[in-house]
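Working through the structure, step by step
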Amino acid sequence: YALALNNDGIVRARSLENRGGKIFLSAGTGQLRSAGTLRASRSVSINAGQEAEFVGSVRAVDEETGTGGVIQIAASQVRILGPSTFDVSGTEAGSAEIAATERAQIDGAIRASSSAGAGGQISVLGAEIAVGGTGSIRADGATDGGLVTLGSRPGSPHPGGASGDAAGFGDPALRPTATTIST
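Calculation notes
- Residues numbered from 1 in each chain as written.
- Predicted model: local features only at pLDDT ≥ 70, side-chain atom pairs only at ≥ 80, totals over all residues.
- Heavy atoms only, no water.
- Helix = DSSP H or I, 4+ residues; strand = E, 2+ residues; numbered from the N terminus.
- Buried < 20%, exposed > 50% of the residue type's maximum accessible area, 1.4 Å probe, protein only.
- Contact = heavy atoms within 4.5 Å.
- Core = buried A, V, L, I, M, F, W, Y, C linked by side-chain atoms within 4.5 Å.
- Phe/Tyr/Trp six-rings, centres within 6.5 Å; stacked < 30°, edge-to-face > 60°.
- Polar contact = N/O pair within 3.5 Å; in protein donor to acceptor, adjacent residues only side chain to side chain.
- Pairing = 2+ DSSP bridges.

Below, the discussion takes up the overall build of the chain. Scanning the chain for helices and strands turns up 0 helices and 18 strands. Counting every position in the chain, which comprises 183 residues, the buried fraction comes to 49%. If you take every contact in the chain between residues at least 6 apart in sequence, the share linking residues at least 24 apart comes to 61%.

Of all hydrophobic cores here, the largest spans 35 residues; its most connected members are Phe 54, Ile 73, Phe 86, Ile 110, Val 124 and Ile 137. Every residue in contact with Phe 54, bar those within four places of it in the chain, is listed here: Leu 32, Ser 34, Ile 46, Ile 73, Val 78, Arg 79, Ile 80, Leu 81, Ser 84 and Phe 86.

This brings us to the packing of aromatic side chains. Aromatic ring pairs are described here by two measures, namely the spacing of the ring centres and the angle between the planes. Evaluation of the coordinates by the stated rule reveals 1 aromatic pair. When the centroid spacing of 5.1 Å and the interplanar angle of 90 degrees are considered together, the rings of Phe 54 and Phe 86 count as edge-to-face. One end of the pair, Phe 54, is in strand β6 (residues 43-54); the other, Phe 86, is in strand β9 (residues 85-87), with 32 residues separating them in the sequence. Taken individually, Phe 54 and Phe 86 each receive the classification buried, so the pair is uniform in this respect.

Mapped onto the elements, Ser 26 comes out in strand β3 (residues 22-26). Given a relative accessible area of 57%, Ser 26 falls into the exposed group. With 19 residues separating them along the chain, Ser 26 and Ser 45 place their C-alpha atoms 8.3 Å apart. A polar contact is formed between the side chain of Ser 26 and the backbone nitrogen of Gly 28, at a distance of 3.3 Å.

This paragraph deals with the pairing of strand β7 (residues 57-60). Of the two faces of β7, only one is covered, namely that formed by Val 58 and Ala 60; the face formed by Ser 57 and Arg 59 stays uncovered. Sheet analysis places strand β5 (residues 37-40) next to β7, joined by 4 bridges and oriented parallel. If you follow Leu 38 over to β7, its bridge partner there is Val 58. Both β7 and β9 contribute to a ladder of 3 bridges, which runs parallel. Residue pairing across strands places Arg 59 opposite Asp 87, the latter belonging to β9.

Next up on the list: unusual backbone geometry. The amide bond that connects Gly 82 to the next residue, Pro 83, takes the cis arrangement and shows omega of 5 degrees. For Pro 83, the location among the structural elements is in the loop between β8 (70-80) and β9.

See the structure below:
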C-alpha cells in the first residue's frame, strides 16, 4: 500500500524557545507507519485518514524538567503493535489520547506514570477497542493513580466497547491508585 509517511529511523524535536519541542505528522487521507522513534520534549501529534501503525516508540517527555508531555494519535484505525511503547511518564505524568473512528488495537505499552505526583491520563477511544495479549496500559503515580478511559467516540456509528480480559465493555473509566491493564 502507498504510505504518506514511513519512518524507520528517529524523528526528534527539541525546544530552544517556548515554540519548539513538538512533532506534527499528518498523512492526510493516507496511511502512516512508524517503526522508528518519535521523541519530543512537549508533544507528538499524528493524524492519518486511514491507518496509523506503530512498531517503534513514541515519547513526549521534557528531558530537562522530567515533565511528561502529550501524545495525540487520530486515524480511522490505530494499531500499536508489540513491542511499541507510547510514553508520557516523568516526575509529572502527561497525557496520551488514541482516537480511532473505527478500531484501536493496543498490543504495545502506553504509559503515563509519575515518579513524584499523580499518574497521568490515558484515553483510548474508538468504535472498537482491543487490548491484546502483549498490550498494557499504565497510569500510576507516587501520590495517586492516574485516569484511564476506554470507550466509544462521541458520534460513533457503533455503540462501541472494549475487548480484552481487563478492559470490559461500554465506557469504562478507571481511577484506582495504580492502573495496569494487561491481558
